[in-house]
Amino acid sequence: VQLQASGGGLVQAGGSLRLSCAASLPTFSSRAMGWFRQAPGKERDFVAVVTDSGSYTDYADSVKGRFHISRDNAKNMVYLQMNSLKPEDTAVYYCAASRIIRSDGSRSERDYDYWGQGTQVTVSS
């Protein structure tokens, strides 16, 4: 099982980035997919989640209205479109696949079985 996140980089405040996560996971369409992030010196935090079918999404208050999560079950891909980026969005971003019994979407790391390696997002002011 492997989750490969990509798309991070350096962007100015107000700019946009699109993160992608490729999952080599046979049960991909049975799992919710989440994005989390960890800033330097801080704990890893929930960012967004999309349910197994893609019908429901949830966002941290800090990114609501600016970020959009989506998935393509035919391609085993999940995406995070990040707009109006702020310096406080700077972090390593991780994609994660939930436990099958939590395909309804969860904000808790404990409900995720598989994690990608992370991709760095840096937003300059």
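Predicted model, so just to flag it, every value in this text is computed and none were measured.

Caption draft 1: Inspection of the overall build of the chain at higher detail. Counting secondary structure elements, the chain contains 0 helices and 11 strands. Along the chain, from the amino end to the carboxyl end, the secondary structure elements read β-β-β-β-β-β-β-β-β-β-β. Computed over its C-alpha atoms, the radius of gyration of the chain comes to 13 Å, within 12% of the 14 Å expected for a compact globule of 125 residues. Oriented by its inertia axes, the alpha-carbon framework of the chain measures out at about 40 × 25 × 25 Å. Here the chain holds 125 residues, and the buried ones make up 46% of them. Contacts in the chain between residues far apart in sequence, at least 24 positions, make up 59% of those at least 6 positions apart. Put simply, the chain shows about 6,100 Å² of open surface, and 46% of that area lies on carbon and sulfur atoms.

Caption draft 2: Representation of the environment of Ala91. Of note, Ala91 is situated in strand E9 (residues 91-98). In this structure the C-alpha to C-alpha distance between Ala91 and Phe36, which are 55 residues apart in sequence, comes to 9.5 Å. Every residue in contact with Ala91, bar those within four places of it in the chain, is listed here: Arg37, Gln38, Ala39, Thr119, Gln120 and Val121.

Caption draft 3: Seen up close, the packing of aromatic side chains. With the rule as written, the count across this model stands at 4 aromatic pairs. A ring pair is formed by Phe36 and Phe46, whose centres lie 5.9 Å apart and whose planes are at 75°; its orientation type is edge-to-face. Taken together, the residues span a long stretch of sequence, with Phe36 in strand E4 (residues 33-38) and Phe46 in strand E5 (residues 44-50) at a distance of 10 residues. When sorted by exposure, Phe36 lands in the same class as Phe46, which is buried. Ring plane angle 55° and centroid distance 6.0 Å describe the contact between Tyr112 and Trp115, whose orientation is recorded as tilted.

Caption draft 4: Up close: unusual backbone geometry. Here the phi dihedral of Asn76 falls at roughly 55°; this positive angle occurs in a residue that is not glycine. With respect to the helices, strands and loops of the structure, Asn76 is situated in the loop between strand E7 (67-72) and strand E8 (77-82). Asn76 gets classed as partly exposed once you look at its relative accessible area, which sits at 21%.

Caption draft 5: Main features of the pairing of E7. Where burial is concerned, the two faces of E7 differ: the one with Phe67, Ile69 and Arg71 is buried and the one with His68, Ser70 and Asp72 is not. The sheet contact formed by E7 and E8 spans 6 bridges and is antiparallel. The partner of His68 across the bridge, within E8, is Gln81. Counted along the chain from E7 to the antiparallel partner E8, the turn is 4 residues long, and its residue Asn76 has a positive phi close to 55°.

Here is what the cut-offs are and how they apply
Residues numbered from 1 in each chain as written. Predicted model: local features only at pLDDT ≥ 70, side-chain atom pairs only at ≥ 80, totals over all residues. Heavy atoms only, no water. Helix = DSSP H or I, 4+ residues; strand = E, 2+ residues; numbered from the N terminus. Rg over C-alpha atoms; globule rule 2.2 N^0.38 Å. Buried < 20%, exposed > 50% of the residue type's maximum accessible area, 1.4 Å probe, protein only. Contact = heavy atoms within 4.5 Å. Areas by Shrake-Rupley, 256 points an atom, 1.4 Å probe, with all protein chains shown as cover. Phe/Tyr/Trp six-rings, centres within 6.5 Å; stacked < 30°, edge-to-face > 60°. Pairing = 2+ DSSP bridges.

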